[in-house]
Amino acid sequence: MIGKLNHVAIATPDVVAAAAIYYDTLGATVSEPIALPDHGVTVVFVELPNTKIELLEPLGANSPIQKFIDNNPSGGMHHVCYEVEDITVARDALLAGGAKILGDGAPRLGAHNKPVIFLHPKDFSGTLIELEQAS
Ligand code: CO
């Protein structure tokens, strides 16, 4: 079902400082910080030859990653995102297999304006998984 690793998301209390480490110390190509108020995050994209890292900082009062930062004040790996061909087919197969989809289960537009769902970490070795329809 799953295809390419689309990105790994790392939550951080300070996306500018995190981006500087990726740029200065690790020599990676990084974007400017991009505010995504609808998603409650400011993101910096780190472009790697085979995938992306997304550095996420909470934005606004209802950020979905604020609790994660409260529990992990220095930041940490928040989720991994795998590509799927058809998000609805993937969702239905996962539900049939007993997996728990976060929210109401309906795909919604993610940070890349493509449909995504999130899978509960308890079913996947404690890792929050995002599935994104690749095209
Ligand atoms: Co993501």
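Student: Whenever I open this one, the pattern of salt bridges confuses me. Can you help?
Tutor: Pairs may arise between side chains of opposite charge once their charged atoms sit close together. Across all of its chains, the model carries 2 salt bridges by this definition. With a closest N to O distance of 2.7 Å, arginine 91 and aspartate 92 form a salt bridge. With relative accessibility at 15%, the residue arginine 91 sits in the buried group. Among the ionic pairs, lysine 122 bridges to aspartate 123, the shortest N-O distance being 3.1 Å. Given a relative accessible area of 56%, lysine 122 falls into the exposed group. Aspartate 123 gets classed as partly exposed once you look at its relative accessible area, which sits at 32%.

Student: Where do I start with the side chain of histidine 79 in this structure?
Tutor: Along the chain, histidine 79 turns up in strand E6 (residues 76-84). Its relative accessible area of 5% is what places histidine 79 among the buried residues. Here histidine 78 takes part through its side chain, which lies 2.9 Å from a polar atom of the side chain of histidine 79. Beyond its immediate chain neighbours, meaning those up to four positions away, histidine 79 contacts His7, Val8, Ala9, Leu56, Phe118, Leu128 and Glu130.

The rules behind these values
Residues numbered from 1 in each chain as written. Predicted model: local features only at pLDDT ≥ 70, side-chain atom pairs only at ≥ 80, totals over all residues. Heavy atoms only, no water. Salt bridge = Lys/Arg side-chain N within 4 Å of Asp/Glu carboxyl O. Buried < 20%, exposed > 50% of the residue type's maximum accessible area, 1.4 Å probe, protein only. Helix = DSSP H or I, 4+ residues; strand = E, 2+ residues; numbered from the N terminus. Polar contact = N/O pair within 3.5 Å; in protein donor to acceptor, adjacent residues only side chain to side chain. Contact = heavy atoms within 4.5 Å.

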